[in-house]
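Single-letter residue listing:
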Amino acid sequence: MDFRAALLDQTRIFGELIASNDPETPVPTCPDWTLKQLFRHVGRGNRWAAQIISERRVSPLDPRDVHEGKPPDDLDGAIEWLNTGAALVLKAVDQVGTDARVWTFLGPKPGGWWIRRRLHEATVHRADAALAVGAGFELPPELAADAVSEWLQIATGMANKHHAEPLARGDSVHLHATDDGLGPTGEWTITHDEDGLEWSHSHGKGSVALRGPATNLLLAATRRGSAADLGLEVFGDTAVWDAWLDRTPF
């Protein structure tokens, strides 16, 4: 998958959706936020990441110190600010090199890690905007499946970093995308054993299993909709899934 092109594309679609609706519209999946605040969050987040990369930071950057962290007041200027911010992430990676290690909330990682992270930040927040205005939301299956994988990396990484246990030892979760052509990349199994919490692209029964389109699995995993509302098939112990959702905030 071309993460670079997808970042620019998803950012552009996100901006177009925001621009065509009332900026004061509440965003139910991001409590207390409006579309205007969601827009600023995504746009500033890209510039925040770009600055972390370009400065080869080894510690967090205060969002208040982001260069040009606020969009212009006029709509055209704001949209240009948004799209330029995504391009700045790519530019920063090109400047320092994909493998140059920089700060991330999961520990030092290659600068190129941020491209994929910012891509899926845009996809999920695009879903927030779509849900807020009653618009449809659909991702290409390959992109949605990768977003699920990236989210599981974050969820398990954060849990292990903070010694949290969103999944009881011995329990497991299996997700199965029904889209054609995904192969092993459309299956995920999360386990918790003596080695800790981890996930893999493997087939398994799971203490609980969810089955449906990759886009809907992504929305369920990121708490943008319930499995029932999204039409997902659920098998096994639903309490395990509920506990996983409750204990993997981000």
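Refer to the structure printed above.
What counts as what
- Residues numbered from 1 in each chain as written.
- Predicted model: local features only at pLDDT ≥ 70, side-chain atom pairs only at ≥ 80, totals over all residues.
- Heavy atoms only, no water.
- 1 Å grid on protein atoms, 1.4 Å probe; cavity = no way out; pocket = protein on both sides within 12 Å on 5 of 7 lines; lining within 4 Å.
- Points joined across faces, edges and corners; volume = space filled by probe spheres on them.
- Helix = DSSP H or I, 4+ residues; strand = E, 2+ residues; numbered from the N terminus.
- Nonpolar A, V, L, I, M, F, W, Y, C, P; charged D, E, K, R; others polar.
- Pairing = 2+ DSSP bridges.
- Axes fitted to C-alpha atoms, helices over the stretch in contact; angles between N-to-C directions.
- Buried < 20%, exposed > 50% of the residue type's maximum accessible area, 1.4 Å probe, protein only.
- Phe/Tyr/Trp six-rings, centres within 6.5 Å; stacked < 30°, edge-to-face > 60°.
- Core = buried A, V, L, I, M, F, W, Y, C linked by side-chain atoms within 4.5 Å.
- Contact = heavy atoms within 4.5 Å.
- Salt bridge = Lys/Arg side-chain N within 4 Å of Asp/Glu carboxyl O.
- Parallel < 35°, antiparallel > 145°, perpendicular 65-115°, else oblique.
- Left-handed = near helix turned anticlockwise from the far one by under 90°.

Undergrad: Looking at this structure, how should I read the layout of surface pockets?
TA: Remark: the empty space left among the atoms is shown by a probe the size of a water molecule rolled over them. In this model, the largest pocket occupies a volume close to 580 Å³. Lining the largest pocket are 26 residues, with His41, Arg117, Glu121, His125 and Phe250 sitting closest to its centre. Elements with a minimum of two residues in the lining of the largest pocket: helix H2 (35-54), helix H4 (113-133) and helix H5 (141-161). If you tally residues by element for the lining of the largest pocket, the top one is H4, at 7 residues. For the lining of the largest pocket, a count of residues per class yields 13 nonpolar, 6 polar and 7 charged.

Undergrad: Sorry, what's going on with the sheet that holds strand S7 (residues 233-236) here?
TA: Whenever strands of a sheet pair, they do so through backbone hydrogen bonds, lying parallel or antiparallel. Reading across from one edge, S5-S4-S3-S6-S7 is the order of the 5 strands in this open sheet, with mixed pairing throughout. Two strands lie at the open edges of the sheet, namely strand S5 (196-200) and S7, each paired on one side alone. Sheet twist, expressed as the average angle between the axes of neighbouring strands with direction ignored, equals 10°. Direction of pairing for strand S3 (residues 172-177) relative to strand S6 (residues 208-212): parallel, over a ladder of 5 bridges. Bridging from a neighbouring strand, alanine 177 pairs with glycine 212 of S6.

Undergrad: Sorry, what's going on with the pairing of S3 here?
TA: It is a general feature of regular strands that their side chains alternate between the two faces of the sheet. Most of S3 is tucked away: 5 of the 6 residues are buried. In this sheet, strand S4 (residues 187-193) lies alongside S3 in antiparallel orientation, the contact comprising 5 bridges. Looking at the pairing, valine 173 lines up with isoleucine 190 of S4.

Undergrad: Quick question: what am I supposed to make of the packing of aromatic side chains here?
TA: By convention here, two paired aromatic rings are described through the distance between centres and the angle between planes. In total, this model carries 8 aromatic pairs according to the counting rule given. Summarising the aromatic geometry, the rings of phenylalanine 39 and tryptophan 81 are spaced 6.0 Å apart at their centres and angled 35° between planes, so their arrangement reads as tilted. Placement of the pair is phenylalanine 39 in helix H2 and tryptophan 81 in helix H3 (residues 75-96), with a sequence separation of 42 residues. Tryptophan 81 matches phenylalanine 39 in its accessibility class, with the two residues each being buried. The interplanar angle of 85° and the centroid separation of 4.9 Å between the aromatic rings of tryptophan 113 and tryptophan 114 together place this pair among those described as edge-to-face. Grouping residues by exposure puts tryptophan 113 and tryptophan 114 together as buried. Taken together, the ring pairs in this structure connect Trp48, Trp103, Phe105, Trp113 and Trp114 into an aromatic cluster.

Undergrad: Would you mind going over the nonpolar core with me for this structure?
TA: One recurring pattern in soluble globular proteins: nonpolar side chains tend to sit buried together. Trp114, Trp241 and Trp244 are the most contacted members of the largest nonpolar core, which has 75 residues in total. Considering every element that reaches this core, the biggest residue donor is H5, with 10 residues. The residues touching tryptophan 241, leaving out its near neighbours within four places in the chain, are Val173, Leu175, Val208, Leu210, Ala220 and Ala221.

Undergrad: Explain the environment of serine 149 to me, please; I cannot follow it from the model alone.
TA: In this structure, serine 149 sits in helix H5. The exposure class of serine 149 is buried, given its relative accessible area of 5%. Between the alpha carbons of serine 149 and leucine 245 there is a distance of 16 Å; along the sequence they are 96 residues apart. Ignoring sequence-local partners within four residues, the contact set of serine 149 consists of Arg116, Trp188, Trp199 and His201.

Undergrad: Hey, could you run me through the pattern of salt bridges in this one?
TA: Close approach of charged atoms allows side chains of opposite charge to pair. All chains considered together, the criterion is met by 11 salt bridges. Taking the shortest distance from any N to any O, the salt bridge between arginine 211 and glutamate 233 comes out at 3.0 Å. Taken together, the residues arginine 211 in strand S6 and glutamate 233 in strand S7 connect sequence positions 22 residues apart. Classification of arginine 211 as partly exposed rests on a relative accessible area of 38%. A relative accessible area of 37% means that glutamate 233 is categorised as partly exposed. Here the salt bridges do not stand alone but share partners, grouping Asp9, Arg12 and Glu16 into one network.

Undergrad: Sorry, what's going on with the packing of helix H1 (residues 3-19) against H4 here?
TA: Packed helices, taken two at a time, are described by their axes: the angle between them and the distance between them. With their axes 9 Å apart at the nearest point, H1 and H4 run at an angle of 25° to one another. Classified by the interaxial angle, the pair formed by H1 and H4 is roughly parallel. Crossing hand, H1 versus H4: left-handed. Here Phe3, Arg4, Ala6, Leu7, Gln10, Thr11, Ile13, Phe14, Leu17 and Ile18 of H1 lie close against H4, whose contacting residues are Ile115, Arg116, Arg118, Leu119, Ala122, Thr123, His125, Arg126, Ala129, Ala130 and Val133. Residues that form the contact of H1 with H4 fall into these classes: 13 nonpolar, 4 polar and 4 charged.

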